[in-house]
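# Descriptive structure summary
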Amino acid sequence: MSRAGGDAVGRDRGSEVSRSIVVERPRHHRLVYGAVPEPGEGEVLVRVAAAGICRSDREVYDGRRDAGYVHYPVVPGHEWSGTVAAVGAGVDPALVGRKTVAEGFRACRECERCRAGETSLCTSGYAETGFTEPGGFADHLTVPAALLHLLPDHADLRAAALLEPAAVVAAAVRAGRPRPGERIAVVGAGTLGLLALQLLAATEPAELVVVDPRSGRRAQALRCDASAVCTPEQATQRNGCFDLVVETAGAHSTAASSCLLARRGGRVVLTGMFPSDADGIDPVHLSLSQLEIRSIFGAPSSAWSYAVRAFGRGLLDPAPLITHEFPLEGFAEAISLVGDGDPATGKVLLRP
């Protein structure tokens, strides 16, 4: 039973100091030392084990994220894993000590979309860990217990930090409805693309082709179960060939080119975050080809469950995607690597 009055259940943290990276405004950050946060009613305190840095975090740091989707000052970090250190009032104390990840969207779970299971489309307003709420670039963070997805005791927390992008990919795979024996293309071999490969390979496709301009990323895709790889220029020779195309790059031309790769009556799932001046999709081609197109923004609770189950069963192994690890004090160097165009840079982690 939880203690009354909102006191946290867990070991005494009175003498502990908790550090966090605070981005006060674009291009300005500090490593802040403070008291360990206390979980409120319905919340847990998590001791962060690892936190991934993605292009969205770089956008926050550079000031390129839409103002409606970030609140400065902010502790970034929406990709993280850790261990429950304490619980607030109304939360089961048995959670203390459990390895976990958690959904980022702070969905209301009461609106029409949430009640339909589409928590990433919550209509009550945008709130997300690491963008409008304190995130995982810290020793500790607090999150609503309802958002937790518990991990097996043997889970590798370093790899588990990538379960947030894996959940996005899981949403894309579920939307694409792959069937055994289909021809599937994945456009982009970044973090999302390589995670998509692993989940799609488990559906037993007849062909699983990756399109990426970078030779190093194409080589890594072959190690992640791609049956073949090609450059974007080479891919044009396969236009109209694929039952399912999963776009993960978010580049200027990849939404349009992904639609060209799909066969008539095929399916296209767009997961990339595109620039505002990205090439548009040809409406004539769309009409004549009778394509089914879905887009993904974040991941609903069901996709998180899918990704966590796949991770627990060994169908999803994000660890090989990690190339760099830094302590919190190395944040400046770590963030500079993300989006710098170096094909040797994969997933960058902070390890508090």
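Model, not experiment: these values are computed from the prediction. (Residues numbered from 1 in each chain as written. Predicted model: local features only at pLDDT ≥ 70, side-chain atom pairs only at ≥ 80, totals over all residues. Heavy atoms only, no water.)

## A look at the nonpolar core
Ranked by size, the top nonpolar core spans 49 residues in total, and within it L151, L163, L197 and L200 carry the most contacts. If you list the elements that add at least two residues to this core, you get helix 3 (157–160), helix 4 (163–176), strand 9 (183–187), helix 5 (191–201), strand 10 (207–211), strand 12 (242–247) and helix 10 (301–312). Per-element accounting of this core gives the leading share, 10 residues, to helix 4. When near neighbours in sequence (up to four residues on either side) are disregarded, L200 contacts V173, P178, I184, V186, P205, L208, L244 and V246. (Core = buried A, V, L, I, M, F, W, Y, C linked by side-chain atoms within 4.5 Å. Buried < 20%, exposed > 50% of the residue type's maximum accessible area, 1.4 Å probe, protein only. Helix = DSSP H or I, 4+ residues; strand = E, 2+ residues; numbered from the N terminus. Contact = heavy atoms within 4.5 Å.)

## Quick notes on empty space enclosed by the protein
One pass over the structure, following the stated rule, counts 2 cavities of 30 Å³ or more. Here the largest cavity is characterised by a volume of approximately 40 Å³. Lining the largest cavity we find G104, F105, E128, E164, G298, A299 and W304. Of the residues that constitute the lining of the largest cavity, the class distribution is 3 nonpolar, 2 polar and 2 charged. Lining the second largest cavity, in full, are G190, T191, L194, R217, Q220, L321, G346 and K347. Elements with a minimum of two residues in the lining of the second largest cavity: helix 5 and helix 6 (215–223). Its residues assigned to classes, the lining of the second largest cavity comprises 2 nonpolar, 4 polar and 2 charged. (1 Å grid on protein atoms, 1.4 Å probe; cavity = no way out; pocket = protein on both sides within 12 Å on 5 of 7 lines; lining within 4 Å. Points joined across faces, edges and corners; volume = space filled by probe spheres on them. Nonpolar A, V, L, I, M, F, W, Y, C, P; charged D, E, K, R; others polar.)

## A few points about the UniProt feature "domain: Enoyl reductase (ER)" (unreviewed entry) in the chain
Within this numbering scheme, the UniProt entry marks residues 24–350 as carrying the feature "domain: Enoyl reductase (ER)" (unreviewed entry). End-to-end, the C-alpha atoms of residues 24–350 are 19 Å apart, and along that stretch the chain is 27% helix and 25% strand. (UniProt positions renumbered as here; feature names shortened; annotations may be inferred.)

## Details of the packing of aromatic side chains
This model, assessed by the stated rule, comprises 6 aromatic pairs. On the numbers, 6.3 Å between centres and 75° between planes, the contact of F105 with Y126 is edge-to-face. With a gap of 21 residues between them, F105 in the loop between strand 6 (99–102) and helix 2 (112–115) and Y126 in the loop between helix 2 and strand 7 (140–144) connect regions that are remote in the sequence. The class for F105 is buried, based on a relative accessible area of 11%. Summarising the aromatic geometry, the rings of F105 and F297 are spaced 5.6 Å apart at their centres and angled 45° between planes, so their arrangement reads as tilted. Of the two residues, F105 is situated in the loop between strand 6 and helix 2 and F297 in the loop between strand 14 (292–295) and helix 10; the sequence distance between them amounts to 192 residues. Every member of this aromatic cluster is reached through a ring pair, and the members are Y69, F105, Y126 and F297. (Phe/Tyr/Trp six-rings, centres within 6.5 Å; stacked < 30°, edge-to-face > 60°.)

## Thoughts on the packing of helix 4 against helix 5
Packed helices, taken two at a time, are described by the angle between their axes plus the distance between the axes. Running from N to C, helix 4 and helix 5 cross one another at 55°; their axes reach a closest spacing of 9 Å. Taken together, the axes of helix 4 and helix 5 are oblique relative to one another. The chirality of how helix 4 crosses helix 5 is right-handed. Two secondary-structure elements touch here, helix 4 through P165, A166, V168, V169, A170 and V173 and helix 5 through T191, L192, L195, A196, L199 and L200. Residue composition of the contact of helix 4 with helix 5, grouped by class: 11 nonpolar, 1 polar and no charged. (Axes fitted to C-alpha atoms, helices over the stretch in contact; angles between N-to-C directions. Parallel < 35°, antiparallel > 145°, perpendicular 65-115°, else oblique. Left-handed = near helix turned anticlockwise from the far one by under 90°.)

## Here's the deal with unusual backbone geometry
The linkage connecting Y72 with the following residue, P73, adopts the cis geometry, with an omega of -10°. Secondary-structure assignment places P73 in the loop between helix 1 (55–62) and strand 5 (79–87). Not every positive phi belongs to a glycine, and R177 is a case in point at roughly 50°. With respect to the helices, strands and loops of the structure, R177 is situated in the loop between helix 4 and strand 9. Take R177: its relative accessible area is 37%, and that puts it in the partly exposed class. Positive phi values are uncommon outside glycine, yet E204 reaches one of about 60°. Structurally, the position occupied by E204 is in the loop between helix 5 and strand 10.

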